[in-house]
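Architecture and fold: a report
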Amino acid sequence: MKAIIDPSPDELLRQELEKLRADYQNLFEENPVPMLVAANHTAKFIAANKAAQDKYGYTLDQILQLTLEDLTKNNSCFQQPPHRADQMVHYKKCGEVLYVETKKSDIIYKNVPAQLITINDVTAKIIAGQQEKKAKQRLEAIFKGTHDAILLANNDGQYVQVNEAACLMLGYTEWQLLSLSVKDLVVDIKPDDRNLWDEFLDTGNQKGIIELKKKNGETIFCQYNATSNILPGLHLSIITDITEHEIARRKMERQAKYVDNIIESITDCFFAVDNNWIVQYWNKAAEALLKMPREKVIGQNLWDVYKGEIDGRFYHQYLKATQTHLPVHFEEFYAPANMWLDVSAYPATEGLTVYFRDVTERKKQAFEILQTKNNQAALINSTSDLIWSIDKKIKLVSFNNAYEQAIERATGRQAYVGLQLPAASHDPETTAKWKGFYQRALGGESFKVDEIILDFKTGEPKIAEVHFNPIYRVNTNKVLGVSCLSRNITERVKNQLLIEEQNEKLQSNKDDLQKLTRKLEKIMNSSIDIICSVDNSGRFVQVSEASTSVLGYTPEELVGRPILDFVDPEYVDITIEAGKELEEGRDLTSFQNVYIHKNGKRVTLNWSARKDVDEGLTFAVARDTSLQVEAEKLKAVAEQRFTALVQKSADMIGILDTEGNYIYTSPNIETVLGYNPGFLYNKNALHLIHPEDVEMARGELEKVIKGGEVKLAAFRYRHRNGEWRWFETKATNQVDNPAINGIVINSRDITNRKKIEAERELMIKELLRSNADLKQFSFITSHNLRAPLSNITGLLNIIDYTTLDSYNKQMIDMLDTSTKQLQQTIDDLSKILVIKNNVNIEISTIDLEESINDVKRIFINTLNDVCADIVTDFKIRAIEFNRTYLQSILVNLVSNSIKYQSPKRNLLIKVSSEADERGNVIFKFQDNGSGIDLGRHKEKVFGLYQRFHDSLEGHGLGLFIIKSQIVALGGSIEVESELEGGTTFIITFKNQAVGFKEGGIDEIGARSNPTQASFDL
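Scope of this entry: the structure provided in the associated data block.

Quick notes on the rules
Residues numbered from 1 in each chain as written. Predicted model: local features only at pLDDT ≥ 70, side-chain atom pairs only at ≥ 80, totals over all residues. Heavy atoms only, no water. Buried < 20%, exposed > 50% of the residue type's maximum accessible area, 1.4 Å probe, protein only. Helix = DSSP H or I, 4+ residues; strand = E, 2+ residues; numbered from the N terminus. Arc of directions from axis to C-beta. Contact = heavy atoms within 4.5 Å. Core = buried A, V, L, I, M, F, W, Y, C linked by side-chain atoms within 4.5 Å. Salt bridge = Lys/Arg side-chain N within 4 Å of Asp/Glu carboxyl O. Pairing = 2+ DSSP bridges. Axes fitted to C-alpha atoms, helices over the stretch in contact; angles between N-to-C directions. Phe/Tyr/Trp six-rings, centres within 6.5 Å; stacked < 30°, edge-to-face > 60°. Lys NZ or Arg CZ within 6 Å of the ring centre and 35° of its normal.

**Observations concerning helix α15 (residues 401–411)**
- Among all positions of α15, only Ala-402, Tyr-403, Ala-406 and Ile-407 are buried. Looking down the long axis of α15, one finds its buried residues gathered within 130° of arc, a one-sided arrangement.
- In this structure, the buried side of α15 is in contact with β16 (386–391) and β17 (396–399).
- One or two residues past the end of α15 sits Gly-412, with phi positive at roughly 80°.

Rendered as structure tokens:
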């Protein structure tokens, strides 16, 4: 059995040391932080943990061949980026850069003095910082360079940064915008409504169109693109003003809707296709006629829907329109619907527009009418009688074949419309006789003559019965021409006994007369009025060609159709009542209704009509009186406007003849002067003018009579109650205007204004007197107080304090303090009196930049002590002002900014200037100090002895003096401030800027001799 021997203390210490070494080695090897051990005498690494091997990419053997300096050498193609001085740049085996922070500790490693180097990899942190810096630089560049408004808001929607474009777009200054939030700018968001903002924060991105409120209350439309958390807690909005575009878009939408409504109201069928034959529009009329719902055709290829029409006439006509870029109009039978269609196709850049309507009934009627006309022409031209008509100049208007052949045989020339008659080679006596016949008929006489003439076929004499009948304008006695009929009655004369045969021939003559009546349709169609006949069912039977110009419909389009189809719905009932009157046998004269033109316009027609019971027809004539009706409406409106202007105008209007007598007075003369308008008629205006003003008024009246317009000086006019009223008057010569034929007098009662002016002059005199008294009192008071005050000060200075006990010393000190305060008060009041009473203030051209630099030099030590900075941005550097006043103003403002700076931040003063639209110079002095509570002190800011910070000393006089100096030279000052929000003073230098250019003084505009400006209190 072996004896158990306890280890000795040395052994225990050795074992403990070995354990510590093992623990240390384990801690070193397994530590996730890269660690290196470098021998002091060689600087080579003698150990490296696994984390260091992984970090640098070397094996342990490779690391043991290196020193710390080797890790800092760049042997690769990688370029070393910039880094801070307290950071090191190491390179991995692959050459990749590592930003590291190292910590060194002296150790003994395996009995070798060495340093333990702990590596902290800050590469990600450095790269992130560089990226953040670049992002901020890019953002700053975008902020300054873009025309779009860019705004950064915090999580509460409060703006924390805005660019200049945002200020220009919304009309705010940068500081004003930074005091607002999203809910202050977006239209229709309630102040306590966070739903939209929270929704944006949740979604992360939003874009669209929004309405924003500008500072002046105007609303603008904006395209916005918003991104949340571009930086933690910061949310970006980029806004583009699209007000003009949005207004135009909305206007186009309204116009498109308006066009759609018009298209839907068109009774004709309508559809439109694009250049690929895709149907874009299909109106209700097309749906109804073709039994094709629009939802089945819109968006489809037209020829996919109507495959059977490919290679048909519809297809080729539409194709022709698109290829030639010219409209086409055609009529075609559409077999699937068993109807005739009247089609008009209009090409456009974007496609083709097609109008069509069912004309099946018209085609049937037109065919019937054509047959009738052909039969009529055959009848007229089959007669051997000569039929012709002439106009008032005895020129040929119309003729039949027989007459044409007769003229050709007699003269050897073709008959033609416009041929001067008599055309045959008659002797002078015969020519004169025929002219006499024509003149009798043109005089309104209907007659017939029997003439013996040569038969041009046989050369034998024959007897011709010639009828002459005047042609009258419808419903008038005005003769337009003569219709003539020449019939060979030789056989009738020779065979007087053959009564029966003659009767048959007479019947034939009646037929010829009917043919003549049909021939006269041509004459009827030459009328500018619509001449028509209507059957008992109310359908057009015959219509003159004037319908085309008056209503847009050809006679063929009207014949057979009910007249009520074309009457404006508002006039249908009275048109039916007019028809009943005709049925009762009463003729219509000047009956007026409204028809609808083919193009949709309303046409006013004036009708005359008579019912022929035997024929079963109503014969009517319609004249287009649209222009006359419209003119009467315009005349009525003009008269109403004139009456309203004259009766409701505050001015009294009158018209005088050249002797000064009234020939017209407006009704409101009774309100203004108490006279009835008719009372002054033919009375002389000068008799009612004040005797002291008569000669002036008479002279001005003579000037007006000579021509032109004169504005009279104010004069007095007698009221009916005897009172004299003041008037200002303008007189205009309208004697040569036949509608007026006199001198127009426009007079306005200014009696109240005259009274106010007199009262104001009296008040100004009283104020000037009081002001003078107050100034005198102020000077006397100041002077009388200074002498005794100086005595008191002198006595205090010679008192021997050593002889006084403590109580009396305290009393004397209090008296000394009060005396100095009184002295300061008198000095302050004296300064104010000097400013208020200085009427000769020297004005000169001052450089604002130089003035600010002078003030900086005054406060250079103080500004350095408080780490303050003054930044200037002068768009206008030159102003006209008093140099002493300006330095006093700037010194007071800078002094206040230093005195009332915020302890929370370094003082920053921004000074800028610019010109407004009136040429005034706007000077802004802005600091980021503790600010003023304007809610409490706004009305007292520029008051005398007003102080707003009890913790700081001050007289409360500076701002009062600043305002007095500015107002003395015609300027103004305003203040914007809030607690801890800084203060901005806005000074307006009244339109006294000399010639200048942005950024500096224009030498040409600088004055060499300052002027003296005078100002009254």
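On we go from here.
**Concerning the nonpolar core**
- The biggest cluster of nonpolar side chains holds 41 residues, and the ones touching the most others in it are Phe-881 and Phe-923.
- The biggest single contributor to this core is helix α30 (residues 883–899), with seven residues.
- Setting aside its immediate chain neighbours within four residues, Phe-881 contacts Glu-842, Ile-843, Ser-844, Ile-846, Leu-886, Ile-889, Gln-965, Ile-966, Leu-969 and Phe-989.
- Judged by nonpolar contacts, the second largest core, of 29 residues, contains Val-273, Leu-290, Tyr-306 and Phe-356.

**Looking at the pattern of salt bridges**
- A full pass over the atoms with the stated rule returns 36 salt bridges.
- Lys-433 serves as the salt-bridge partner of Glu-451, at 2.7 Å between the closest nitrogen and oxygen. Taken together, the residues span a long stretch of sequence, with Glu-451 in strand β18 (residues 447–454) and Lys-433 in helix α16 (residues 428–442) at a distance of 18 residues.
- Since its relative accessible area comes to 34%, Lys-433 is described here as partly exposed.
- Among the charged side chains, a salt-bridge network with shared partners connects Glu-331, Asp-342, Arg-362 and Lys-363.

**Quick word on the sheet that holds strand β26 (residues 652–656)**
- One open sheet accounts for five strands, arranged β27-β26-β30-β29-β28; its pairing is antiparallel. Edge positions in the sheet fall to β27 (662–665) and β28 (709–718), since each has one partner strand and no second. The mean angle between the axes of side-by-side strands here comes to 25°, regardless of whether they run parallel or antiparallel.
- The pairing of β28 with strand β29 (residues 724–734) spans eight bridges and is antiparallel. Bridged to Lys-711 within β29 is Lys-730.
- This element, helix α25 (residues 691–705), spans β26, β28, β29 and β30 (742–749) of the sheet and lies at about 155° to β28.

**A short note on the sheet that holds strand β6 (residues 149–153)**
- What the five strands build is an open sheet, ordered β7-β6-β10-β9-β8; its pairing is antiparallel. The open sheet has two edge strands with one neighbour each: β7 (159–162) and β8 (205–213). For this sheet the average axis-to-axis angle between neighbouring strands, irrespective of direction, equals 30°.
- Pairing analysis gives five bridges linking β6 to strand β10 (residues 234–241), with the strands arranged antiparallel. Each bridged residue has a counterpart across the sheet, and for Ala-149 the counterpart in β10 is Ile-239.
- Together, β6, β7 and β9 (219–231) form the strand contacts of helix α5 (residues 123–145), whose direction differs from that of β6 by roughly 135°.

**Looking at the packing of aromatic side chains**
- All chains considered together, the criterion is met by 34 aromatic pairs.
- Here the aromatic rings of Phe-314 and Tyr-334 are separated by 6.0 Å at their centres, their planes lie at 90°, and the arrangement is edge-to-face. With Phe-314 in helix α13 (residues 313–324) and Tyr-334 in strand β13 (residues 328–334), the pair connects residues that are 20 residues apart, well separated along the chain.
- Given a relative accessible area of 7%, Phe-314 falls into the buried group.
- Aromatic side chains Trp-388 and Tyr-403 sit 4.7 Å apart centroid to centroid with 25° between the ring planes, which places their arrangement in the stacked category. Pair noted here: Trp-388 is in strand β16 and Tyr-403 is in helix α15, with a separation of 15 residues, a long-range link.
- Under the relative-accessibility criterion, Tyr-403 is labelled buried at 5%.
- Grouped by ring-pair contacts, the aromatic residues Phe-271, Trp-277, Trp-282, Trp-303, Tyr-306, Phe-314, Tyr-315, Tyr-318, Phe-330, Tyr-334 and Phe-356 constitute a single cluster.
- Positioned over the ring face of Trp-340 is Lys-363, at 4.4 Å from the centre of the ring.
- Just above the ring of Phe-447 sits the side chain of Arg-440; from NZ or CZ to the centre is 3.7 Å.

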